[in-house]
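If you want the building blocks of each chain, they are given just below.
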Amino acid sequence: MRIAILVLGCLCSGLLHAGPMPMAVLPGGGLVFKQIESMRERRFSNLVEQRTDFSCGAAAVATILRQAYRFDVDEEQVITGMLAGADHDLVRTQGFSMLDMKRYIQALGMRARGYRIPPAALGELKVPVIVLQEVRGYKHFVVLQRVQNGWAYVGDPVLGHKRYALNEFAEGWNGIVFAIIGPEYDRYNALLSPPEPLTARDRLNGFRPVKDAELMEYGFIQSDFF
C-alpha cells in the first residue's frame, strides 16, 4: 500500500513540476530519464503570462517580440516602455491601447500596422498578430497564432493556449489585427505551431515555410529578411 501511494505521489509531482522523470525500463530495473512538461508549462509554453490587471497588451507584445524576433524582453520591460508615452491614468482604468503598443514598437525601430479584415480572411495570415477580444464586456488583448481548418488558435496571457471555433472567435473580435513588423523575423517561430489541445482527436499538420512574397503582403520589405 505504501509503495502504491509513493508511486502515485511521484506521478502527481511530475504533472505539477517539469523535469527529468526516472522510468524503470531497462533490464534489471535500470532507470532512464525522460524530460516531461507539466500541464501548466504546456498551457503557457512560448507565451508571456500576464501578471497585472492591465498588462494583457504588454504581455502579448512581449510574446511576439520574444518568439518571432528573439528579443530578450519580459512583461515588466514592455510595461515600462509603453508607459513612457501613455496616459497613466487611462492605463490604470482601461489598460494599454493599440496606440500605446504602436509607439513602443516604433521606439524599438520596428513597424506596427493594423489591418481590418473579415473573419474569412484570417486563414491567410502568415504571421502571429495581436487582436482585441471582448468576453462578457471585458476587453482583452491576445495573440492570434494561426487560423486553420475552422479553428482559431489563441495565445491568451491569462488562460494560456486556447482553441476556438472560428465563428465563436469572431463574435468577440473587433475585426482588427495588429501586426509587428521588423528585420530578422523568424518565419519558423514557435507561435505558428501552438500545442494541440490535450483532448485533440486529430493531429494537425500540413505546415510549410512562409515565402518572402507572402510576408511582403503584410508590410514586410525585402531588407527585413537579411
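The structure under discussion appears in the preceding block.
Everything numeric here is computed off the predicted structure, so don't read it as measured data.

A.B. asks: Please explain the overall build of the chain as it appears in this structure.
C.D. replies: Across its full length, the chain carries eight helices and eight strands. Considering the chain as a whole, with its 226 residues, one finds that 41% of them fall into the buried category. Taking all contacts inside the chain whose residues are at least 6 apart in sequence as the whole, residues at least 24 apart take part in 60%. By element, 56% of the accessible surface of the chain is carried by carbon and sulfur atoms, the whole surface being about 13400 Å².

A.B. asks: Mind showing me how you'd approach the sheet that holds strand β7 (residues 160–165) here?
C.D. replies: The antiparallel open sheet is built from six strands, whose spatial order is β3-β8-β4-β5-β6-β7. In this open sheet, the two edge strands, each paired with only one partner strand, are β3 (111–116) and β7. Between one strand axis and the next, the sheet turns by 35° as a mean value, whatever way the strands run. Note: strand β6 (residues 151–156) against β7, six bridges, orientation antiparallel. Bridge pairing in β7 links Y153 to R163. Each of β4 (129–135), β5 (138–148) and β8 (173–181) touches helix α3 (residues 56–69); the most contacted strand, β5, lies at about 25° to it. Packed onto the sheet, helix α6 (residues 98–107) meets β3, β4, β5 and β8 and runs at close to 5° relative to β8.

A.B. asks: Is there a simple way to explain the packing of helix α4 (residues 75–83) against α6 in this structure?
C.D. replies: Helix packing for two helices is described by the angle between their axes and how far apart those axes are. One can describe the packing of α4 onto α6 by two numbers: an axis separation of 9 Å at closest approach and a directional angle of 100°. Put simply, α4 runs roughly perpendicular to α6. Contact residues: Q77, V78, G81 and M82 in α4; D100, M101 and Y104 in α6. Counted by class, the contact of α4 with α6 contains four nonpolar, two polar and one charged residues.

A.B. asks: Would you take a moment to explain α6 for this structure?
C.D. replies: What sets the pattern is the α-helix's 3.6 residues per turn: residues three or four places apart point alike. Turning to α6, its buried residues number three or more, namely D100, M101, Y104 and I105. The buried residues of α6 all sit within an arc of 130° when viewed along its axis, so they share a single face. Within two residues after α6, G109 carries a phi angle of roughly 85°, on the positive side.

A.B. asks: Sorry if this is basic, but what is going on with the pattern of salt bridges here?
C.D. replies: A side chain with one charge can pair with a side chain of the opposite charge if their charged atoms come near. Applying the stated criterion across every chain, the model contains four salt bridges. E49 is paired through a salt bridge with R51; the nearest N and O atoms lie 3.7 Å apart. You can call E49 buried: its relative accessible area is 19%. Residue R51 is classed as exposed on the basis of its relative accessible area of 64%. Across the pair R92 and D89 runs a salt bridge whose closest N-O atoms are separated by 2.8 Å. Here the residue R92 and the residue D89 both occupy positions in helix α5 (residues 88–94), the gap between them amounting to three residues, near one helical turn. On the basis of relative accessibility, which here comes to 59%, the residue R92 falls in the exposed class. A relative accessible area of 54% places D89 in the exposed class.

A.B. asks: Can you walk me through α3 in this structure?
C.D. replies: The first and last C-alpha atoms of α3 sit 19 Å apart over 14 residues, in line with the 20 Å expected at 1.5 Å per residue. α3 sits mainly inside the fold: 13 of its 14 residues count as buried. Positive backbone phi, approximately 60°, marks R70, located one or two places after α3.

A.B. asks: Even after reading the chapter, I still don't get the packing of aromatic side chains, so can you show me in this structure?
C.D. replies: Counted under the stated rule, the structure contains three aromatic pairs. Note on F54 and F96: the rings are 5.9 Å apart at their centroids and 55° apart in plane angle, and the pair reads as tilted. Taken together, the positions of F54 in the loop between α2 (39–43) and α3 and F96 in the loop between α5 and α6 put the pair 42 residues apart, joining distant regions of the chain. With relative accessibility at 27%, the residue F54 sits in the partly exposed group. Above the face of the Y153 ring, R146 is positioned so that its terminal group lies 4.2 Å from the ring centre.

What counts as what
Every chain is numbered on its own, with residues counted from 1 as its sequence reads. It should be noted that, the model being predicted, local features are given only for residues of pLDDT at least 70 and side-chain atom pairs only at 80 or more, the latter also being counted only at that level, while totals for whole chains, interfaces and linings use all residues. In computing side-chain properties, one takes all heavy atoms of the structure into account and sets aside hydrogens as well as water. Secondary structure is summarised from DSSP: a helix means a run of H or I of at least four residues, a strand means a run of E of at least two, and numbering begins at the N terminus for each. For every residue, the accessible area obtained with a 1.4 Å probe (protein chains only) is divided by the maximum for its type, and the residue is called buried under 20%, exposed over 50%, and partly exposed between those limits. The contact criterion used throughout is that any non-hydrogen atoms of two residues lie within 4.5 Å. Accessibility throughout is a Shrake-Rupley quantity obtained with a 1.4 Å probe, and a residue counts as covered only by protein chains that appear here. Whether two strands pair comes down to DSSP finding at least two bridges between them. Axis definition: a line fit to C-alpha positions, over the contact stretch in the case of helices; interaxial angles, taken between N-to-C directions, run 0 to 180 degrees. The scheme is simple: roughly parallel for angles under 35 degrees, roughly antiparallel for over 145, roughly perpendicular for 65 to 115, oblique for anything else. Amino acids are sorted into nonpolar (Ala, Val, Leu, Ile, Met, Phe, Trp, Tyr, Cys and Pro), charged (Asp, Glu, Lys and Arg) and polar (every other residue, Gly among them). Think of it as the arc spanned by the lines of direction from the helix axis to the C-beta atoms. Salt bridge criterion: a side-chain nitrogen from Lys or Arg within 4 Å of a carboxyl oxygen from Asp or Glu. For a helix, the expected span equals 1.5 Å multiplied by the residue count minus one. Working definition: rings of Phe, Tyr and Trp (its six-membered ring) pair if their centres are within 6.5 Å, and the pair is stacked with planes under 30 degrees apart, edge-to-face with planes over 60 apart, and tilted otherwise. Two limits define a charge over a ring: the Lys NZ or Arg CZ must be within 6 Å of the ring centre, and within 35 degrees of the ring normal.

No statement about biological role is implied by the geometric values presented.
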